[in-house]
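Read off the chains here:
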Amino acid sequence: MLKGKHIILGICGGIAAYKSAYLLRLFIKAGAEVQVVITPAGKEFITPVTLSALSGKPVISEFFTANTGSWNSHVDLGLWADAMVIAPATASTIGKMANGIADNMLVTTYLSAKAPVFVAPAMDLDMFAHPSTRRNLQLLQEYGNHIIEPASGELASHLVGKGRMEEPENILKAVDEYFTKSQDLAGRHILITSGPTYEKIDPVRFIGNYSSGKMGYALAEECAARGADVTLISGPVSIKAKHAAIKTINIESAQEMYNASVAEFPQCDAAIMCAAVADYTVENQASHKIKREYDEIPVIRLKKNPDIAAALGSMKQDGQLLVGFALETDNERENALAKLQRKNLDFIVLNSLNEPGAGFMTDTNKVTIIGSDGTCQEYGLKDKKLVARDIVDTLTGKLS
Ligand code: PMT
């Protein structure tokens, strides 16, 4: 389950840090990509050279890289990660995490991480038993973090008791089991349309729109990460799907997207129609380049394109789900609701061009999910990857 996963391995200053090298190797052997973030004290116990040789990436410790002045973005790292594993987690770092004391790269990354966080404490038995450590671990658990309990045995102090960091094999197993359980789309086949369509005017010109494909591709990656086989029908964009479970069908026009969607939908459990499809195409397409030298100004005559979502809505069988998007500029909810009903959708994702940071091209979006059952859930402005997570959470809640 760890193949292709992005793991942040946080290492704190404790003797168990020597085991982190072994844990790192286990993650790499399992096919994960690992970025090490180490506290300044951690570097006293294990060298960044060892860790970067094993991970194949420079180790991050400071907010800036001293020789270049380049900024290590804890926010980007937090979004990149599929999981963050802090092993060993010392009493000091656990205390900082519990109380939001963001004075090093590891804790700021933790505070920015959207992915599940696993904490493997390692300390002396009395430190582990201290009420403040117990309270901090309790808080971390309440925040939704996964605590990998330390084992009992001989400690670095030669005292015997609970506080030894769990063995790397067991930490790996805990993370792997988490991903196995989070495969809530395993065995499902999801169809996603994405990007713009291009409607040819002549061999060199087209009618298009500003869709970059970012929203649709984020949905495809989220569904694939959760175990689905994804068929992504994409208009012309400059990005590429990364996950191996995504099959991309590249199309150009709305008619081509319609043909591919109608052919693929019967094999799918759900379809998410995220593409910005041209409502009209050119009836009088020119077979040769339209020349400027013509005396008359050319007239482009339009005709209606097929409505792909509505076509799938009329084909939909029991057990299949159909999700649409609504991109609106006015009467947003009313228009979205009308589309939901007209196209026989199970829910519709409304995004408005009046919201800064939402809609075309941006890395972020702000959506409201309106269900055919009358439910309506508004979300804040978020990265499109997190918007995709909210949409897919809604989808999995409705799949039978
Ligand atoms: O690609 P990005 O730059 O990340 O931008 C994302 C997005 C803004 C394109 C996306 O979030 C979005 O809103 N997609 C739908 C855009 C749209 O065409 O909305 P609409 O309200 O015109 O269409 C309603 C629904 O019908 C959509 O699900 C659309 O895919 C579908 N449709 C529309 C026309 C048509 N002929 N066939 C369709 O299937």
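Reading the values: the criteria
Residues numbered from 1 in each chain as written. Predicted model: local features only at pLDDT ≥ 70, side-chain atom pairs only at ≥ 80, totals over all residues. Heavy atoms only, no water. Near = heavy atom within 4 Å. Polar contact = N/O pair within 3.5 Å; in protein donor to acceptor, adjacent residues only side chain to side chain. Areas by Shrake-Rupley, 256 points an atom, 1.4 Å probe, with all protein chains shown as cover. Helix = DSSP H or I, 4+ residues; strand = E, 2+ residues; numbered from the N terminus. Nonpolar A, V, L, I, M, F, W, Y, C, P; charged D, E, K, R; others polar. Disulfide = S-S within 2.5 Å. Patch = residues over 30% accessible without salt bridge, like charges linked within 9 Å, V, L, I, M, F, W, Y side chains within 5 Å. Salt bridge = Lys/Arg side-chain N within 4 Å of Asp/Glu carboxyl O. Core = buried A, V, L, I, M, F, W, Y, C linked by side-chain atoms within 4.5 Å. Buried < 20%, exposed > 50% of the residue type's maximum accessible area, 1.4 Å probe, protein only. Contact = heavy atoms within 4.5 Å. Expected span 1.5 Å × (residues − 1). Arc of directions from axis to C-beta. Phe/Tyr/Trp six-rings, centres within 6.5 Å; stacked < 30°, edge-to-face > 60°. Lys NZ or Arg CZ within 6 Å of the ring centre and 35° of its normal.

## Describing the site of the ligand
Alright, step 1. For the ligand, the set of nearby residues contains 27 residues, the closest of which are S211, S212, M273, K339 and N351.
Alright, step 2. Contact distances for the ligand include 2.9 Å between an oxygen atom and a backbone N or O atom of M215.
Alright, step 3. Within the backbone of I308, an N or O atom sits 3.1 Å from a nitrogen atom of the ligand.
Alright, step 4. Look at the ligand: alone it shows 780 Å² of surface, and the protein chains cover 96% of it.
Alright, step 5. Looking at the shell around the ligand, the elements that each hand over two or more residues are α9 (214-225), α11 (308-315) and β16 (321-328).
Alright, step 6. Broken down by element, the residue count for the shell around the ligand peaks at 4 residues, all from β16.
Alright, step 7. Residues of the shell around the ligand, tallied by class, amount to 14 nonpolar, 7 polar and 6 charged.

## Regarding the state of the cysteines
Alright, step 1. Counted under the stated rule, the structure contains 0 disulfides.
Alright, step 2. With no disulfide partner, C223 has as its closest neighbouring cysteine sulfur the one in C268, 11 Å distant.
Alright, step 3. This cysteine, C274, is not joined by any disulfide, and C223 carries the nearest cysteine sulfur, 11 Å off.

## Description of a nonpolar patch on the surface
Alright, step 1. On the surface, a nonpolar cluster with roughly 340 Å² of combined accessible area is contributed by I15, Y18 and F45.
Alright, step 2. Structurally, Y18 can be placed in helix α1 (residues 17-29).

## Section: the nonpolar core
Alright, step 1. In this structure, I190, I192, L219, C223, I272, I391 and L395 are the most contacted members of the largest nonpolar core, which totals 31 residues.
Alright, step 2. Sorting the residues of this core by element identifies β8 (189-194), α9, β11 (229-234), β13 (270-273), β16, β17 (347-352), β19 (367-371) and α13 (384-398) as the ones contributing at least two each.
Alright, step 3. Residue contributions to this core peak at 7 residues, all from α9.
Alright, step 4. Beyond its immediate stretch of four places on either side in the chain, I391 contacts M215, L219, F325, F347, V349 and I369.
Alright, step 5. Judged by nonpolar contacts, the second largest core, of 30 residues, contains I11, L23, V34 and V36.

## Digging into α9
Alright, step 1. Helix length check: α9 (12 residues) gives 16 Å between terminal C-alpha atoms against 16 Å at 1.5 Å per residue, within 8%.
Alright, step 2. Taken as a whole, α9 has its buried residues at M215, G216, Y217, A218, L219, A220, E222, C223 and A224.
Alright, step 3. G227 occupies a position one or two residues after α9 and carries a positive phi of about 105 degrees.

## Remarks on helix α7 (residues 131-142)
Alright, step 1. Compared with an ideal rise of 1.5 Å per residue, which puts 12 residues at 16 Å, α7 spans 16 Å between its outermost C-alpha atoms and is within 8% of the ideal.
Alright, step 2. Those residues of α7 that fall on the buried side of the exposure criterion are T133, N136, L137 and L140. Projected onto a plane normal to the axis of α7, the buried residues spread over an arc of 100 degrees and lie on a single side. Across from the buried face of α7, at angles greater than 90 degrees, the exposed residues are P131 and E142.
Alright, step 3. Buried-residue contacts for α7 involve α4 (91-99), α5 (105-112), β4 (117-121), α6 (125-129) and β5 (146-147).
Alright, step 4. Looking one or two residues beyond α7, the residue adopting positive phi is G144, at roughly 100 degrees.

## Overview of the packing of aromatic side chains
Alright, step 1. Within this structure, the stated rule accounts for 4 aromatic pairs.
Alright, step 2. Ring centres 5.6 Å apart and planes at 80 degrees place the aromatic pair F118 and Y178 in the edge-to-face group. Note that F118 is positioned in strand β4 and Y178 in helix α8 (residues 168-181), a separation of 60 residues in sequence.
Alright, step 3. A relative accessible area of 2% means that F118 is categorised as buried.
Alright, step 4. Overall, Y178 belongs to the partly exposed group, its relative accessible area being 27%.
Alright, step 5. Summarising the aromatic geometry, the rings of Y210 and F360 are spaced 6.2 Å apart at their centres and angled 65 degrees between planes, so their arrangement reads as edge-to-face. You can see Y210 sitting in the loop between β10 (205-207) and α9 and its partner F360 sitting in the loop between β17 and β18 (364-365), a full 150 residues away along the chain.
Alright, step 6. Take Y210: its relative accessible area is 59%, and that puts it in the exposed class.
Alright, step 7. A residue is classified by how much of its surface remains accessible, and F360, at 22% relative accessible area, is partly exposed.
Alright, step 8. Taken together through their ring pairs, the aromatic side chains of F118, Y178 and F179 make up a single cluster.
Alright, step 9. Across the ring face of F179, the terminal group of K5 is positioned such that the distance to the ring centre comes to 4.9 Å.

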